[in-house]
Amino acid sequence: MPSPGRPLTAPFAAVFGLLVAAEDLYLGWLLWAGQPAGWGRHLAVSAVLALLAVAGAALVWLGRGRGWLVLTAAAALPLLLLLGVAALFGALGDDSAVGWALLLLVGPVGCLTLAVRRPIREWTRPGRATPRTPPSAGPRRDGRAR
């Protein structure tokens with residue numbers, strides 16, 4: 001039976017989730033920097049992905065139900081996008097950009113590697129909460145005996 005405390009990998013998964021959020025914002029900033037004034041659609045999508053990653057990291061850190069699913073989804077989308085970017089730049093022959101895209105894969109791959117492991121899944125399963133202690137036999141708040 002697993003220990004009732006937070007698994008050792010949970011803080012690392014949360015940190016990798018925050019790294020994914022930072023990478024999402026960085027990629028959104030890169031897309032936005034070349035466009036005219038205004039937020040733009042790219043920055044909004046990037047911000048939503050970053051918020052999803054932060055929410056997943058918080059859920060895993062706190063051990064809330066199905067937090068690993070949120071963190072997995074938050075890491076899988078940037079992983080697919082970065083692989084597409086690396087493939088695109090590889091087809092165009094820009095080796096430097098391929099290297100940077102592959103370097104940015106560290107966040108999503110690390111997050112996925114940790115988020116889908118059994119200790120994290122058990123830590124964030126819906127019915128994991130510790131059983132409530134029975135109320136004491138003492139007087140109620142209103143002063144009446146039980």
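Draft legend 1. Quick look at the overall build of the chain. Within the chain, the secondary structure is distributed over six helices and zero strands. Ordering the α and β elements of the chain from the N terminus gives α-α-α-α-α-α. Within the chain, contacts between residues separated by at least 24 positions form 68% of all contacts whose residues are at least 6 apart in sequence. Carbon and sulfur atoms make up 69% of the accessible area of the chain, which amounts to about 9500 Å² in all.

Draft legend 2. Geometry of the nonpolar core. In this structure, A13, V60 and L71 are the most contacted members of the largest nonpolar core, which totals 20 residues. For this core, the elements supplying multiple residues, two or more each, are helix 1 (9-33), helix 2 (40-62), helix 3 (67-92), helix 5 (106-115) and helix 6 (118-123). For this core, the element with the highest residue contribution is helix 3, accounting for five residues. Once you skip the residues sitting within four places of it in the chain, A13 turns out to touch V60, L71, C111, L114 and I120.

Draft legend 3. Expanded view of the layout of surface pockets. Each pocket or cavity is described by its volume, and for the largest pocket that value is around 540 Å³. Within the residue set of the lining of the largest pocket, elements represented by two or more residues are helix 1, helix 2, helix 3 and helix 4 (95-103). Of the residues in the lining of the largest pocket, the class split is 17 nonpolar, three polar and one charged.

Draft legend 4. Inspection of the confidence of the model for the chain at higher detail. Averaged over all residues, the pLDDT of the chain equals 84, while 80% of them reach at least 70. Considering each helix and strand of the chain separately, the mean pLDDT is smallest for helix 6, with a value of 88, and largest for helix 5, with 93.

Draft legend 5. Representation of helix 5 within the structure. Across the 10 residues of helix 5, seven count as buried, placing the element largely inside the fold. The set of residues buried in helix 5 consists of G107, P108, G110, C111, L112, L114 and A115. Of the surrounding elements, those touching the buried residues of helix 5 are helix 1, helix 3 and helix 6.

Draft legend 6. Highlighting the side chain of T72. Relative to the helices and strands, T72 is located in helix 3. In contact with T72, not counting residues within four places along its chain, are L112, A115 and V116.

Draft legend 7. Seen up close, the pattern of salt bridges. Summed over the entire model, instances satisfying the criterion amount to one salt bridge. Put simply, R118 and E122 hold a salt bridge, and the shortest N to O gap is 4.0 Å. Placement of both R118 and E122 in helix 6 is noted, with a separation of four residues, approximately one turn of the helix.

How each quantity is defined
Residues numbered from 1 in each chain as written. Predicted model: local features only at pLDDT ≥ 70, side-chain atom pairs only at ≥ 80, totals over all residues. Heavy atoms only, no water. Helix = DSSP H or I, 4+ residues; strand = E, 2+ residues; numbered from the N terminus. Contact = heavy atoms within 4.5 Å. Areas by Shrake-Rupley, 256 points an atom, 1.4 Å probe, with all protein chains shown as cover. Core = buried A, V, L, I, M, F, W, Y, C linked by side-chain atoms within 4.5 Å. Buried < 20%, exposed > 50% of the residue type's maximum accessible area, 1.4 Å probe, protein only. 1 Å grid on protein atoms, 1.4 Å probe; cavity = no way out; pocket = protein on both sides within 12 Å on 5 of 7 lines; lining within 4 Å. Points joined across faces, edges and corners; volume = space filled by probe spheres on them. Nonpolar A, V, L, I, M, F, W, Y, C, P; charged D, E, K, R; others polar. pLDDT = per-residue confidence, 0-100. Salt bridge = Lys/Arg side-chain N within 4 Å of Asp/Glu carboxyl O.

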